[in-house]
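# What the coordinates show
Listed below, chain by chain, are the residues.
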Amino acid sequence: MTREDAPVLNSPHLLIESRGPWAGPACGAFVRDGRTLALSGHPVQLVLVQDAVTAAVRGTEEDSAEVRALAEAGGEVWVDDFSLAQRGLAADRLIPEARVVGMPEVSARVLAPGVRVVWH
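One structure accompanies this document, and this report is about it. (Residues numbered from 1 in each chain as written. Predicted model: local features only at pLDDT ≥ 70, side-chain atom pairs only at ≥ 80, totals over all residues. Heavy atoms only, no water.)

Most of strand β2 (residues 44–48) sits out of view: five of its five residues are buried. Side chains V44, L46 and L48 project from β2 onto one buried face, and the interleaved Q45 and V47 project onto a second face that is buried too. With five bridges joining them, strand β1 (residues 13–17) and β2 adopt parallel strand pairing. Within β2, the residue paired with H13 across the bridge is V44. At this point the chain moves from β1, through helix α1 (residues 26–39), to the parallel β2, and the crossover so formed is right-handed. The pairing of β2 with strand β3 (residues 76–80) spans four bridges and is parallel. Looking across to β3, one finds that L48 is bridged to V79. (Buried < 20%, exposed > 50% of the residue type's maximum accessible area, 1.4 Å probe, protein only. Helix = DSSP H or I, 4+ residues; strand = E, 2+ residues; numbered from the N terminus. Pairing = 2+ DSSP bridges. Right-handed = clockwise from strand over helix to strand, strands pointing away.)

A word on the environment of V49. Locating V49 in the fold gives a position in the loop between β2 and α2 (61–72). For V49, a relative accessible area of 6% translates into the label buried. Through-space distance from the C-alpha of V49 to that of M103 is 10.0 Å; in sequence the pair is 54 residues apart. Excluding its chain neighbours within four sequence positions, the residues that come into contact with V49 are I16, E17, S18, D80, S83, M103 and W119. (Contact = heavy atoms within 4.5 Å.)

The next point concerns the sheet that holds β2. Strand order in the open sheet formed by five strands is β4-β3-β2-β1-β5, and the pairing between neighbours is parallel. For this open sheet the edge positions go to β4 (98–101) and β5 (116–119), each flanked by a neighbour on one side alone. The mean inter-strand angle of the sheet, taken between neighbouring strand axes irrespective of direction, is 25°. (Axes fitted to C-alpha atoms, helices over the stretch in contact; angles between N-to-C directions.)

A few words now on the environment of R87. Along the polypeptide, R87 turns up in the loop between α3 (81–86) and β4. For R87, a relative accessible area of 29% gives the class partly exposed. Excluding residues that lie within four positions of it along the chain, R87 makes contacts with Q50, D51 and V53.

Pasting the structure below:
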């Protein structure tokens with residue numbers, strides 16, 4: 001068995017959500033999957049890009065509840081700075097669990113060894 005074939009226990013996951021909560025229930029389901037991974041001991045970073053950044057805006061309780069639950073389970077919530085700016089949203093409107101990041105940080109994580117990337 002080569003190193004590439006060996007099972008990765010507690011492998012890190014980078015979950016990238018691009019759809020907004022108003023596109024349907026799939027966004028919430030994707031975030032819940034991330035929460036399940038985090039509860040199972042996997043390091044999880046959820047990256048909200050494009051319309052999905054609205055899922056981390058305070059005051060949208062039904063949407064941010066899923067994102068908060070992922071953070072409470074040990075996952076990290078990353079919000080794309082460019083997507084925020086495109087939508088005229090300031091970082092101070094986000095839930096406290098969210099961290100604004102740029103694409104250099106996201107791309108470094110995508111290219112990190114062993115990271116499983118899922119884009120929705």
